[in-house]
Structure formats: structure tokens, C-alpha cells
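# Fold and geometry: a report
If you want the building blocks of each chain, they are given just below.
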Amino acid sequence: MTKIVYKHIHLENSHTLAVYKSAGGYQALEKALTLSGDDIIDEVKRSGIRGRGGAGFPAGLKWSFIPKDDRAKYLVCNADEGEPGTCKDRDILRYVPHQLIEGMIIAGYAVRAERGYIYIRGEFYREAERVQAAIDEAYAAGYLGDNVMGRGVRFDLAVHRGGGAYVCGEETGLIESLEGKKGQPRLKPPFPANIGLYGGPTVINNVETLTSVPDIILNGGAWYSSLGVDKSTGTKVFAVSGHVNKPGNYEVELGIPLKVLLEEYAGGIRGGWDNLKGVIPGGASSPVLTKTVCETVTMDYDAISKAGSMLGSGAVIVLDRSVCIVRAIARLSRFYRHESCGQCSPCREGTGWLSQIMQRIEQGKGVREDIDLLLSVAGNIQGKTICALGDAAAMPVVGAIRAFREEFEYHVEHGRCMVA
Amino acid sequence: MSELQKSSSGVPPRFSEEAMRQVEVIFQRYPADRRESAVMPVLHLAQREFGGWLSQEALDYVATIVGMPPIRVYEVATFYTMYNLKPVGKYHIQVCTNISCWLCDSDSIAQALRNKLQLSFGESSSDGRFTLSEVECLGACINAPMLQINDDYYENLTPAKVSEIIDQLP
């Protein structure tokens, strides 16, 4: 199967400029600099690539929103990989940082941004070191700086490390953080494309999205869109974790059946396919899919959405039949409570209530009404906050009750779990 | 907001010459009129320079370096979990217990650490060697269960491996 973002990671010293160049690196940049910015944006539009961070917004369209005015523009790479279950970008940062850097220089040139930042979650200290070393190499080789490849184009790039706040993965929270503030998301509109970092037009893309750009430029948008399926083009890395025999990051074409991903790539379910209970298909915030759905669903944006969940970041978390669904979701609710930034009351208060109620049901102290109370609290969060963290907290709870209501009922009626 | 703790030494914190050179490198990453962007990296640097945590004096010092009102530095330092506002051990052991690690039995890893170190989550050993913390997802889910000690990740753990790792720390 065609690989794009991981195609070089098997090479020894793949993180170095020498190896990346010998594998064809920076040829896309050379080509891009002969094109106009608009040509590049059109090519990315043609590819159909959608944002790989979770929201799935078409990247080319996002770039085209950058106004052609005289204000300083910025390109930001979101490497604040923090959605539980997600660890796909980490391997790009530590194994192929130059491919990301090349994608960023091309993107910066296309939208006329002369300055870029890679916002890396703070805990990825070693990964940030790797990226910084690659940036230093790229400056020394003339790929970065005030005269990129001698073509008179300017692009400066720097690493900015986060400080351990999930909410900074939200793009405006990230911008606030980059400006030296608490990472509390901004009201939108205005969108970052108009008023972003330092008030300037700003493109924010996920690591995987930007790392796909060199191949889109080299091989063309039409080539990219021939991979995957309609409206979910190209390849995607799925981080498969939990109860599979071979957990790992697997780059495959979008549209692959979930069952194939789990059985043929991830080594199968621990204890066999029939031991599968459910799959959280796109990171902690995406509603859990039952085994029945997992039998047939394909891994693309529309199919997963139709199944009532989200492709999200592509973090596939596999639960076998030993898992207490109430306990699993209670753990996630605790996470969202901890990570709520506190600025919107529905999220600040609601995530606390969700966590408390989930915890008391899990501990066998819940009452029957608690199940509907969870749905009510979730309903009072969803759509009522500045950013999507509140929705992210509500969706797994609502999804789990929808799919496994009998387990919640068993917990409140018997004061214990039905599986353990 | 968590309480800020005063330094016990009474000696005002100061960056070494080498650290000041690093501060200059940090400033160069941001536009000249956007120095406040440097507050997070300078706080990270201060934490490394000043023994792994940030006293109120250290935050005040960072405020003078970056040119921000101290209250704005306090806001940032208290918002992000990686800034330690009280002393931590020489080895800060952070165990992930979020979903992917939990599915792969992080409970046994946490238990092994509690037994080995005789510490609960949030506690430090009296000799100043260890602090044990429970943390949220660290983004190494395919290699669960895992933990972080200072700058490094330790992955695909078993209770026996954890014990070995602790024994081998210098």
C-alpha cells in the first residue's frame, strides 16, 4: 500500500538531512518555488486532503482563506498531540522532521507567510530536540532563512514547546499559548485565517497534513486524490492501541475496512475477533462503536460519521470483552475534567459533573436517574461553549450510553460491573 | 489558583551566563515586539536551571527577563501542568493512566511504583530523589503502558521492567 508520511521512516538515520535528501527530499520544494502560490493552493485543493488533526477540514480551502493583503502572515504546525490514544505525529517529528519542514516551507510560500512555528507538546522533549536539530540543518543548507534555495523567498521556522495542556491542541488556544498566555481558546469568528497569531492571518495545520504536502506537489493533487475514497482521499496514519496483538502506527489508504486494519495490520484482537467489545475509532472524544458496527464500517470521514462517531485524529482504541465500559468512560471523563480550561461555565462545571456521576456509577453508588442525568448534563454542554473541548467531553459519554446502556443499568441496579 | 511557594534558600535566582545566551536564542524566535511569546520557553529554562521547580522568586525573575508583569507570568505558570510550583525530586516519575495505558494494565505499573518507592501519587521521597505523579496521556499509546522520567519516555513496560529502570537510575 502506498505510504506518504511514513515512507522514509524505515531508513537508518531518516531524521537527518543527508538521508532525507538521498531519498529525494527537498525536490518538492525546488518544484514548488517555480510555481505561484495560487498554483500550489490549487494543487492542494485538487488533492482533497482534509486536516489530519481531527476536524477534517479541507486543507487547500483553509489556505485559500488567507487574504492577499500586506499584513504579516504566519504558518503554525500543530504538534500538540494530546488526544488520548493518538501518537502518530510523534513518529513524524522524531523520524522524518525534514519532510514536515519541507511541507511547511512550501505551505508558507503558498500563503506568503514568512514565519512559521511548530508547536510541540512539552512532554515531547526528545522529539523537540530532533526537530530543532533538523531546523538547524535546514538553515545551514539554505532551505530556511531569508533566501530559500537562493530564490529570494523568506521563511523562518522555530519550535515552541507547550507546557502540558490538552486544550492547546485547539487552534486558537494554541495561538494564545504561542503569544505567551494561558491557552484559553478564542471566540470564532474571527477565524485565524483573518486574525490569528499576533493578529495576522494564520494557517494552522496538523503535522500529518503538512508532511503530506511535498508528495502532493511532486506527484500532483490528482495522484493524491486517486488514493483513498471519495471525499476521504489519500493516506492516513491510524494509531492502533489497546487490546490488539500488534499495537502500532499504520499508514493506510483512507476507506480501509476497520476489520482489515485490526486483523491484517494490528495483528488481530487479543483472544480473537469474537473477543472484541468495541472500538473508539478516532481518539478519546469519538463515540465508541460496537462490535456489530466494527464488522463492516470503513475508515473514512463519511462512513465513520454515518456510524455515529468521528474519524478524528485516527487514534483507534480497541476494547476487548474484559473491559468495563463504564470504567473506561469514567477514566475519559476524569481526563476532560482535568483539561477543561475553565473559561466557559457549561464545560468547566459540566465536565466536573460528568466525571463525578460517571465515577459514582462506576463505584456502584449510582441510581437509575443518573443515566439520564448524564445525558442531560452532556446536552447542556454540547454546542454551548467557545471550543470543542466540551463536546469532546460529552460525546464519549453519550455514545457509550447509546451503545452500552445495559451496562450502565447493570451498574446502578447491582452496584457492580457486569463484566468483572 | 494554586499557592505559589517561596524559595527556601533566600538567594534570589539568577541565570548563568550560558542560560542567558539561551534566553537570547529564545528571543530571536519571535518578532522583536512580541517578547511575551518567550515566557513559556524561558519558564522551561528556569525550571531546569533552578532545580526542577519554580518558586515565586523564580517567576518574578522570569517576569523581569521577559518584561511582563509578574501576575501574567503567574497566570501562565499556574495554567500549564509541566511547570512545577513546588519542589520535585531529582527524578520526576510520571505514570500515564489514561485509556490506552489503562487498557494495557497501567494499574500494575502504578502499583509496582508505589511499592518500590513507598510513595503515593503526588508525593516525594524524603531524600529528594523521587517524585511520583499520575499524568494524563503522554502520546505514546501504541507502546502502552508507559511512563516519563524527567525528559525521557520508558515504554512497553511491565512491573519487573519498572523495578529495573528505577534501580538503574544513577
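The structure presented is a predicted model; accordingly, all values stated were derived computationally and were not measured.

Cut-off values and rules
- Residues numbered from 1 in each chain as written.
- Chains lettered and ligands numbered in written order.
- Predicted model: local features only at pLDDT ≥ 70, side-chain atom pairs only at ≥ 80, totals over all residues.
- Heavy atoms only, no water.
- Helix = DSSP H or I, 4+ residues; strand = E, 2+ residues; numbered from the N terminus.
- Rg over C-alpha atoms; globule rule 2.2 N^0.38 Å.
- Buried < 20%, exposed > 50% of the residue type's maximum accessible area, 1.4 Å probe, protein only.
- Contact = heavy atoms within 4.5 Å.
- Areas by Shrake-Rupley, 256 points an atom, 1.4 Å probe, with all protein chains shown as cover.
- Lys, Arg positive; Asp, Glu negative; His and termini not counted.
- Charge placed at Lys NZ, Arg CZ, Asp CG, Glu CD.
- pLDDT = per-residue confidence, 0-100.
- Core = buried A, V, L, I, M, F, W, Y, C linked by side-chain atoms within 4.5 Å.
- Pairing = 2+ DSSP bridges.
- Expected span 1.5 Å × (residues − 1).
- Arc of directions from axis to C-beta.
- Axes fitted to C-alpha atoms, helices over the stretch in contact; angles between N-to-C directions.

### Things to note about the overall build of chain A
Each helix and strand counted, chain A has 17 helices and 13 strands in total. Relative to the 2.2 N^0.38 estimate, which gives 22 Å for 420 residues, the radius of gyration of chain A is 22 Å and therefore close to what a compact globule would have. When the backbone C-alpha atoms are referred to their principal axes, chain A occupies close to 75 × 45 × 35 Å. In chain A, buried positions account for 62% of the 420 residues. Long-range contacts, defined as pairs at least 24 residues apart, comprise 69% of the intrachain contacts of chain A with a sequence gap of at least 6. For chain A, the computed accessible surface area is about 14,700 Å², with 49% contributed by carbon and sulfur atoms. The positive charge centre, built from 48 side chains, and the negative charge centre, built from 49, are 3 Å apart in chain A.

### Notes on the confidence of the model for chain B
Scored by pLDDT, chain B comes out at a mean of 96, with 99% of its residues at no less than 70. Across the interface, the model reports ipTM at 0.97; the global pTM reads 0.97.

### Some details on the nonpolar core
Of all hydrophobic cores here, the largest spans 86 residues; its most connected members are Phe15(B) and Leu43(B). What Phe15(B) contacts, discounting residues up to four positions off in sequence, is Met20(B), Val23(B), Val42(B), Leu45(B), Ala46(B), Glu49(B), Phe50(B), Tyr61(B) and Ile65(B). The next biggest cluster of nonpolar side chains, apart from the first, holds 66 residues, and it includes Tyr6(A), Ile66(A), Leu93(A) and Ile217(A).

### Here we look at the sheet that holds strand E4 (residues 147-149) of chain B
Residues and elements named next belong to chain B. Reading across the sheet, the five strands line up as E2-E3-E1-E4-E5 and stay open at both edges, with mixed pairing between neighbours. Every interior strand has two partners, whereas the edge strands, strand E2 (123-124) and strand E5 (152-154), have only one. Judged from the two bridges that link them, E2 and strand E3 (residues 130-135) form a sheet pairing that is antiparallel. Bridge pairing in E3 links Ser124 to Thr131.

### A few points about helix H14 (residues 325-339) of chain A
Between its first and last C-alpha, H14(A) extends 21 Å over 15 residues, near the 21 Å set by a 1.5 Å rise per residue. The buried fraction of H14(A) amounts to 11 of the 15 residues, a majority that puts the element mostly inside the structure. Packed against the buried residues of H14(A) are strand E10 (276-280), strand E13 (315-320), helix H15 (345-362) and helix H17 (389-414) of chain A together with helix H5 (99-103) and E3 of chain B.

### Focus on helix H16 (residues 369-381) of chain A
Residues and elements named next belong to chain A. For H16, with 13 residues, the first-to-last C-alpha span of 19 Å sits near the 18 Å given by 1.5 Å per residue. Every buried residue belonging to H16 is among Asp370, Ile371, Leu374, Val377, Ala378 and Ile381, and all of these are buried. Around the axis of H16, the buried residues are gathered within 125 degrees of arc, so they sit on the same side. Close packing links the buried residues of H16 with H15 and H17. Positive phi appears at Gly383, one or two residues downstream of H16, with a value of about 75 degrees.

### Examining the sheet that holds strand E1 (residues 74-79) of chain A
Paired through their backbone hydrogen bonds, the strands of a sheet run either parallel or antiparallel. All names here are of chain A. Read from one edge to the other, the open sheet built from four strands follows the order E3-E2-E1-E4, with strand pairing classed as parallel. Both edges of this open sheet fall to strand E3 (156-161) and strand E4 (202-206), since each of them pairs with a single strand only. Here the average twist between neighbouring strands, direction ignored, is 20 degrees. Pairing between strand E2 (residues 115-120) and E3: six bridges, direction parallel. Within the sheet, the bridge partner assigned to Arg115 lies in E3 and is Asp156. Sheet contacts for helix H7 (residues 125-140): E2 and E3; angle to E3, the most-contacted strand, approximately 170 degrees. Those strands touched by helix H9 (residues 207-219) are E1 and E4, and its axis lies near 95 degrees from that of E4.

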